[in-house]
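# Fold and contact review
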Amino acid sequence: MTQIEQFAGTAGAGRPPAGASPVIERMREWCSRWPPGEGVAVFNTAYLEVVGRVDPDLGGDGPDDREAAALLAVRCAEAYLSAAETAAAGGRPPECWRPLLPCRRHPGVRPVQFALSALQAHVGHDLVLAVVDTCRTLGCDPPDLEGEFERVGDLLALLEERIHDELMPGPDALGIADPLTHLVSSWSLERAREAAWSAARVLWRLRGFPSLAEEFRQRTDAGAGLVGRLLLTPCR
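Residues numbered from 1 in each chain as written. Predicted model: local features only at pLDDT ≥ 70, side-chain atom pairs only at ≥ 80, totals over all residues. Heavy atoms only, no water.

### Some thoughts on the confidence of the model for the protein chain
- Counting all residues, the mean pLDDT for the protein chain is 83, and 80% of those residues have values of 70 or more.
- Mean pLDDT per element in the protein chain: helix H1 (residues 3-11) is the minimum at 39, and helix H8 (residues 189-205) is the maximum at 98.
- Of the regions scoring below 50 in pLDDT, residues 1-20 engages in 38 contacts with residues more than four places distant in sequence or in other chains.
- Across residues 56-63 the pLDDT falls below 50, and counting only partners more than four positions away or on other chains, this stretch makes 16 contacts in the model. (pLDDT = per-residue confidence, 0-100. Helix = DSSP H or I, 4+ residues; strand = E, 2+ residues; numbered from the N terminus. Contact = heavy atoms within 4.5 Å.)

What follows is the structure, given as structure tokens:
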């Protein structure tokens, strides 16, 4: 079974969930299992704080819109949690999440880098699969979810904002020539979201060709992992 099919199977089927509470509970469990400030834990803490403050319906215009947006957000979060749980169990998570593991205690990598590398993996891979899985569940095509994709994108933008506000060193500790300034400014959430949307539409079109779809997913995963590794370049 391909990883695409595994993801679709573990995410569940039928009607969308009523809210993100089970996902939030799983994130809370991870807060107690990871030392603060270590690798994925930095991202998990920021993600939990943002999701906990946002209505799970994400402001849709009607019941169906709210359910679709909530389903997409939950599927995306579940993909991240699945990767974390796989890694914790000694398995091999998607390639995009692997850079965070060997350098999670590296003294030259700052917390903001951990968080942005995780966000890159989440958008560049997890969000892509979440769109495909949501389309399968709802029996629709990606263009039908464009509004919901944008609402989830707004949630991720809030997450990026919190990462910068809480984890980026202040001007007193960070000079204009500090490599971290240039590294962080080189990554764009907007561009990552645009790439994820394009990748999701391509992956959906390849659903009738399982081997090609899996190959494309692997390439998408590897590309997201490459950018994640660059974001973890030691800066001190």
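### Focus on the nonpolar core
- Formed by 69 residues in total, the largest nonpolar core has its most connected members in Tyr-80, Trp-97, Leu-119 and Leu-159.
- At the level of elements, helix H2 (21-33), helix H3 (40-53), helix H4 (63-88), helix H5 (111-138), helix H6 (146-167), helix H7 (179-185), H8 and helix H9 (210-231) are the ones that each hand at least two residues to this core.
- Per-element accounting of this core gives the leading share, 15 residues, to H5.
- Apart from residues no more than four positions distant in its own chain, Tyr-80 is found in contact with Met-27, Trp-34, Val-40, Phe-43, Asn-44, Tyr-47, Trp-97, His-122 and Asp-126. (Core = buried A, V, L, I, M, F, W, Y, C linked by side-chain atoms within 4.5 Å. Buried < 20%, exposed > 50% of the residue type's maximum accessible area, 1.4 Å probe, protein only.)

### Description of the pattern of salt bridges
- Counting across every chain of the model gives 12 salt bridges.
- When the shortest N-O distance is used, the salt bridge between Arg-193 and Glu-150 registers 3.0 Å. With Arg-193 in helix H8 and Glu-150 in helix H6, this residue pair connects regions lying 43 residues apart in the sequence.
- Salt-bridge contacts for Arg-217 lead to Asp-221; the nearest nitrogen and oxygen are separated by 3.6 Å. Of this pair, Arg-217 and Asp-221 both sit in helix H9, four residues apart, which is roughly one turn of that helix. Here Arg-217 and Asp-221 have matching classes, each one buried.
- Each of Arg-75, Glu-78 and Asp-133 takes part in salt bridges that share partners, so that together they form one network. (Salt bridge = Lys/Arg side-chain N within 4 Å of Asp/Glu carboxyl O.)

### Observations regarding the packing of aromatic side chains
- Summed over the entire model, instances satisfying the criterion amount to six aromatic pairs.
- When the centroid spacing of 6.0 Å and the interplanar angle of 55 degrees are considered together, the rings of Phe-43 and Trp-97 count as tilted. Here Trp-97 lies in the loop between H4 and H5 and Phe-43 lies in helix H3, a separation of 54 residues in the sequence. The same class applies to Phe-43 and to Trp-97, which are both buried. (Phe/Tyr/Trp six-rings, centres within 6.5 Å; stacked < 30°, edge-to-face > 60°.)

### Things to note about the packing of H5 against H6
- Closest axis-to-axis distance for the H5/H6 pair is 10 Å, and the angle between their directions is 170 degrees. On the basis of the axis angle, H5 is roughly antiparallel to H6. Across from Pro-111, Val-112, Ala-115, Leu-116, Leu-119, His-122, Val-123, Leu-127 and Val-131 in H5, the residues of H6 making contact are Phe-149, Val-152, Leu-156, Leu-159, Glu-160, Ile-163, His-164 and Leu-167.
- Taken together, the residues of the contact of H5 with H6 sort by class into 14 nonpolar, two polar and one charged. (Axes fitted to C-alpha atoms, helices over the stretch in contact; angles between N-to-C directions. Parallel < 35°, antiparallel > 145°, perpendicular 65-115°, else oblique. Nonpolar A, V, L, I, M, F, W, Y, C, P; charged D, E, K, R; others polar.)

### Here we look at H5
- Taking 1.5 Å per residue, 28 residues should reach 40 Å; H5 reaches 37 Å between its end C-alpha atoms and fits that length.
- The largest bend in H5 comes to about 35 degrees, at Asp-126.
- When you tally the buried positions in H5, you get 25 out of 28 residues, the bulk of the element.
- At the exit of H5 stands Gly-139, carrying a positive phi of roughly 65 degrees. (Expected span 1.5 Å × (residues − 1). Bend = angle between axes of the 7 residues up to and from the residue.)

### Side note on the packing of H3 against H6
- The N-to-C vectors of H3 and H6 enclose an angle of 125 degrees; their axes lie 9 Å apart at closest approach. Between H3 and H6, the interaxial angle falls into the category oblique. Classified by chirality, the crossing of H6 by H3 is right-handed. Here Val-42, Phe-43, Ala-46, Tyr-47, Glu-49, Val-50, Val-51 and Arg-53 of H3 lie close against H6, whose contacting residues are Leu-155, Leu-158, Leu-159, Arg-162, Ile-163 and Leu-167.
- A per-class count over the contact of H3 with H6 returns 11 nonpolar, no polar and three charged. (Left-handed = near helix turned anticlockwise from the far one by under 90°.)

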